[in-house]
Amino acid sequence: NDNHLTTTTTTTNRDNKQRQQTETTDNNTMEDVMTITPLGSGQEVGRSCHVLEFRGMTILLDCGIHPGYDGMNGLPFLDLVQPEEIDICL
């Protein structure tokens, strides 16, 4: 998307020579950066969970349990997330 880039072109005359300088600036802000934090699912069935943070929203995605473990051992590593910080659970 061109809205994220600003290009400035300057032509100068130094020592009777034409010189062109182009500068490109990325206008993205931290709001446009998505952070994905996996809390489970590495090399296993179930216990998958991912936290996505984007534009001030925190989304808990695909929170499952491991079918081979009982109790807390079957859950993703939810201790890394504060429940009150979750805006959406999908």
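Residues numbered from 1 in each chain as written. Predicted model: local features only at pLDDT ≥ 70, side-chain atom pairs only at ≥ 80, totals over all residues. Heavy atoms only, no water.

The four strands lie next to each other as β3-β4-β5-β6, forming an open sheet whose pairing is mixed. Whereas interior strands pair on both sides, the edge strands pair on one side only; in this sheet they are β3 (35–38) and β6 (88–89). (Pairing = 2+ DSSP bridges. Helix = DSSP H or I, 4+ residues; strand = E, 2+ residues; numbered from the N terminus.)

On average, residues of the protein carry a pLDDT of 76, and 66% of them reach 70 or more. Taken together, the stretch residues 16–21 has pLDDT below 50 and engages in 14 contacts with residues farther than four places along the chain or on a different chain. (pLDDT = per-residue confidence, 0-100. Contact = heavy atoms within 4.5 Å.)

A separate point is the pairing of strand β4 (residues 50–54). As paired strands, β3 and β4 are joined by four bridges and run antiparallel to one another. Of the residues in β4, the one forming a bridge with Ile-36 is Leu-52. In the sheet, β4 pairs with strand β5 (residues 57–61) via five bridges, with the strands oriented antiparallel. Across the sheet, the residue bridging to Val-51 is Leu-60, located in β5. Hairpin connection of β4 to β5: two residues between the antiparallel strands, including Arg-55 at a positive phi of 50°.

This next bit is on unusual backbone geometry. Here the phi dihedral of Arg-47 falls at roughly 50°; this positive angle occurs in a residue that is not glycine. On the basis of relative accessibility, which here comes to 12%, the residue Arg-47 falls in the buried class. At Arg-55, a position not held by glycine, the phi torsion is positive, near 50°. Secondary-structure assignment places Arg-55 in the loop between β4 and β5. (Buried < 20%, exposed > 50% of the residue type's maximum accessible area, 1.4 Å probe, protein only.)

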